[in-house]
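Structure assessment
Letter by letter, the chains look like this.
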Amino acid sequence: MKKFQKSKLFYGLYIGVIFAFFYLPIVVTMFFSFNSSKSLTHFSGFSLRWYGNLIKDTEIMQAVYVSISIAILATIISTIIGTLTAIGLSKCRKLVREMLLNVNNIPMMNPDIVTAIGFLILFSSLRIPKGYYTMLMAHITFCIPYVITSVYPKVKTLDPNLADAAMDLGASPFMALYKVILPMLREGIFAGALLAFTMSFDDFVISYFVTGNGVSNISIIVYNMTKRTNPTINALSTIVILVIFVTMFIVKVIPYLIGKRRKEQLAYEENN
Amino acid sequence: MKNKLIELKNITKSFDQQEVLHNIQLYIRPNEFLTLLGPSGCGKTTILRIIGGFEEADSGEVIFDGKDIAKLPPYKREVNTVFQKYALFPFMNVFDNVAFGLNIKKVSKAETKKRVLEMLKLVGLEGFEKRKIDQLSGGQQQRVAIARALVNEPKVLLLDEPLSALDAKLRKEMQMELKKIQKKVGITFIFVTHDQEEALSMSDTVVVMNHGNIQQIGTPIDIYNEPKNRFVAEFIGESNIIPAIMKKDMLVAFDGVDFECVDSGFAPNEEVEVVLRPEDLVLTPPQFGKITATVTDITFKGVHYEIILKGEHRDYKAQTTEYHEIGTELGISVIPSNIHVMHKMKEV
Ligand SMILES: Nc1ncnc2c1ncn2[C@@H]1O[C@H](COP(=O)(O)OP(=O)(O)O)[C@@H](O)[C@H]1O
Ligand SMILES: [Mg+2]
């Protein structure tokens, strides 16, 4: 009994340390973003001063616009391409499929810097002027594997007769895709899209290398500003963290809650 | 012949150089309950998929109502399918599953509702409209699949082993129910099964298949009483199959004895095979039988005993309502009309 309690204590402590290690820097950043003075060590009172500065700073607001618009466009485009690819993969011959799935993993395991330099060389050698569109293209490209990875497992569990059944009932192949296959995959597509969004939204390394002509996203601006103390960054970081946190919450927690509720509902109906 | 709704002419199909259908010739009359019967892997599903339009034959014609539809995609055919594992849409409720085809055809809301509810009533699922698919039992899912297909008023309903996932009791119930539904809606059913009892009890016409070949087409009674070859005889119920010589018309010899029979049209002294159904063997005291044999095994089967007799040439399987002690010597005779003579099957 005693031994059990001891190990439980140790377990709690261990988890506590890990969490502190991960989240303390974030909490400190958030905390000092509400500081009324410029100090990063001494809290002198609550204020929204740095948030006010943030809104007034056109350079930062421009970067926010770039980050958000690129994240949204890259999410939409990579989700469409990735989903169709995942469906197509399931129809390929086994050898081709295995090969493509392995190739698909490479960009995700590659260090970002390698991918970034790859893009840089590609764009330079094709003489494509670097800026907003090169950044968008790069984001679409590195998001696609995440979408495929989330959608493909769902495609694999699809009953191949479902599309046949839809066509049997008069649906054209396109309608079968739209009315049956996509709704069947919606959880995977949704998870893939949110993952793509976070990947695009918080990307620094690749964006830094493929942009140009003064186009910056949030992480590039934060990087440039950290060279001097500026609590405005804390305010900006806090917002970014919240955005990422909320999307991850949607990806991870909501499906869990839905699943749990469905189970409860089933149990409820069985009992009645 | 009477009019043909569907006709398959010289259909051949291969997968990966492996021929799974050889030169299939088959026609299906309107309002007929036709069953494709054969062991697993013999090509039954492939025939259904060719009729449904999901698979294209390598050669041959698919004639529907007088027109060749070989190139018509599935969504333009007046045929609906009940798939082997139902293939219901799990994210829709029962109503939306059944309404799917009507929604695609842009039938009005009111009309759709009327027809869906009618159909659910027909299959005995009134009041289940709002249910999720995963809240239904296997038998109920089965009924949804049938309703979803029938609501489109197809000319032909294809059913691929629709009862194979159900337990024995439910299976019997659904067999009767399917037959009733077919009579009520008055359309052609093409039914696939590997269960001979199911095929015999439900069908107007049975098509027996093996290895992508049609072995025999006929009424259940024809198929049972006059199997064309050894495969059909063995597949359709239990039987004694005995090599024999057709001495002349109406006289066949096997196991050293001449038997009168009712078959004719064979060459004199042609080598043939004789089918004797276990229930057709008449057991008598030894002196009254044509063949004598000794009881080696007897098993109670409910209505009758199944009995194995060892004779000079072979073992015989018989059915009897009387109990015989193991070791008893008995005589076996068969009346002429119960002896069925078949051409010898070429070894494949
Ligand atoms: N899509 C396919 N690709 C390759 N082989 C197939 C395919 N579909 C069926 N087959 C083969 O064709 C044969 C007949 O299959 P099927 O028509 O499904 O048989 P049944 O329904 O009578 O069990 C089997 O040997 C099966 O392995
Ligand atoms: Mg099959």
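Residues numbered from 1 in each chain as written. Chains lettered and ligands numbered in written order. Predicted model: local features only at pLDDT ≥ 70, side-chain atom pairs only at ≥ 80, totals over all residues.

One turn of the α-helix equals 3.6 residues, which is why residues spaced by three or four share an orientation. Residues and elements named next belong to chain A. The first and last C-alpha atoms of helix 5 (residues 112–125) sit 20 Å apart over 14 residues, in line with the 20 Å expected at 1.5 Å per residue. Among the residues of helix 5, those classed as buried are Thr115, Ala116 and Phe119. All buried residues of helix 5 lie within an arc of 100° about the axis, which places them on one face of the element. Among the exposed residues of helix 5, those pointing more than 90 degrees away from its buried face are Ile113, Ile121, Ser124 and Ser125. Next to the buried residues of helix 5 lie helix 4 (94–109), helix 6 (132–156) and helix 9 (205–210). Positive phi appears at Arg127, one or two residues downstream of helix 5, with a value of about 60°. (Helix = DSSP H or I, 4+ residues; strand = E, 2+ residues; numbered from the N terminus. Expected span 1.5 Å × (residues − 1). Buried ≥ 20, exposed ≤ 12 C-beta atoms within 10 Å, placed from the backbone. Arc of directions from axis to C-beta. Contact = placed C-beta atoms within 7 Å.)

What follows deals with the sheet that holds strand 1 (residues 6–15) of chain B. Residue and element names in this part refer to chain B. Taken together, the four strands give an open sheet; going across it, the order is 2-1-4-5, and neighbouring strands pair in antiparallel fashion. Edge positions in the open sheet fall to strand 2 (18–28) and strand 5 (67–68), since each of these has one partner strand only. With seven bridges connecting them, strand 1 and strand 2 associate as antiparallel partners. Among the inter-strand pairings, Lys13 is bridged to a residue of strand 2, identified as Leu21. (Pairing = 2+ DSSP bridges.)

Turning our eyes to something else, we now look at the sheet that holds strand 16 (residues 291–300) of chain B. Residues and elements named next belong to chain B. Strand order in this open sheet of five strands is 15-19-16-17-18, and the pairing throughout is antiparallel. Only two strands of the sheet have a single partner each, and these edge strands are strand 15 (282–284) and strand 18 (315–320). Neighbour to neighbour, the strand axes of the sheet diverge by 45° on average, direction disregarded. With three bridges connecting them, strand 15 and strand 19 (residues 329–333) associate as antiparallel partners. Bridging from a neighbouring strand, Thr284 pairs with Gly331 of strand 19. (Axes fitted to C-alpha atoms, helices over the stretch in contact; angles between N-to-C directions.)

Core analysis: the largest hydrophobic core is formed by 144 residues, its most contacted members being Ala147(B), Ile190(B) and Val252(B). With 13 residues, the top contributor of residues to this core is helix 8 (residues 173–201) of chain A. Composition of this core by domain shows at least three residues from each of domain 1 (6–230) and domain 2 (238–343) of chain B. (Core = buried A, V, L, I, M, F, W, Y, C linked by C-beta atoms within 7 Å. Domains from an automatic or database assignment.)

This brings us to the site of ligand 1. Residues and elements named next belong to chain B. Every residue close to ligand 1 is listed here: Phe15, Asp16, Val20, Gly38, Ser40, Gly41, Cys42, Gly43, Lys44, Thr45 and Thr46. In terms of residue count, helix 1 (residues 44–52) provides more of the shell around ligand 1 than any other element does, three residues in total. Across the shell around ligand 1, the residue classes break down as three nonpolar, six polar and two charged. (Near = placed C-beta within 6 Å. Nonpolar A, V, L, I, M, F, W, Y, C, P; charged D, E, K, R; others polar.)

Okay, the interface of chain A and chain B next. Taken together, the contact pairs 16 residues of chain A with 17 residues of chain B. Within the residue set of the side of chain A that touches chain B, elements represented by two or more residues are helix 7 (161–168) and helix 8 of chain A. Sorting elements by how many residues they give to the side of chain A that touches chain B places helix 7 of chain A first, with six residues. Among the residues forming the side of chain A that touches chain B, the class breakdown is nine nonpolar, three polar and four charged.

On to unusual backbone geometry, then. With glycine set apart, most residues show a phi of negative sign, and most peptide bonds adopt trans. Residue and element names in this part refer to chain B. Phi is positive for Asn23, which is not a glycine, with a value near 45°. Checked against the element boundaries, Asn23 lands in strand 2. A residue is classified by how many C-beta atoms lie within 10 Å of it, and Asn23, with 15 of them, is partly exposed. One non-glycine residue with positive phi stands out, namely Tyr86, at about 70°. Considering the arrangement of structural elements, one finds Tyr86 in the loop between strand 6 (79–82) and helix 2 (94–104). Given 23 C-beta atoms within 10 Å, Tyr86 falls into the buried group.

This part takes up the packing of helix 6 of chain A against helix 8 of chain A. Residue and element names in this part refer to chain A. Following both chains from N to C, one finds helix 6 and helix 8 inclined at 155°, their axes separated by 8 Å at the closest point. With respect to each other, helix 6 and helix 8 are oriented roughly antiparallel. Remark: the crossing between helix 6 and helix 8 carries right-handed chirality. Between helix 6 and helix 8, the residues in contact are His139, Phe142, Cys143, Tyr146, Val147, Ser150, Val151, Pro153, Lys154 and Val155 and Leu185, Glu187, Gly188, Ile189, Ala191, Gly192, Leu195, Ala196, Met199 and Ser200, respectively. Across the contact of helix 6 with helix 8, the residue classes break down as 13 nonpolar, five polar and two charged. (Parallel < 35°, antiparallel > 145°, perpendicular 65-115°, else oblique. Left-handed = near helix turned anticlockwise from the far one by under 90°.)

Once that is clear, we can look at helix 8 of chain A. Compared with an ideal rise of 1.5 Å per residue, which puts 29 residues at 42 Å, helix 8 of chain A spans 35 Å between its outermost C-alpha atoms and falls more than 12% short. At Arg186(A), helix 8 of chain A shows its maximal kink, close to 60°. (Bend = angle between axes of the 7 residues up to and from the residue.)

Glancing now at the domain arrangement of chain B. Residues and elements named next belong to chain B. As far as domains go, chain B holds domain 1 (6–230) and domain 2 (238–343). Using only C-alpha atoms to locate each centre, domain 1 and domain 2 end up separated by 39 Å. Counting from both sides, the interface comprises six residues of domain 1 and, opposite them, six residues of domain 2. In terms of residue class, the side of domain 1 that touches domain 2 is built from one nonpolar, two polar and three charged.

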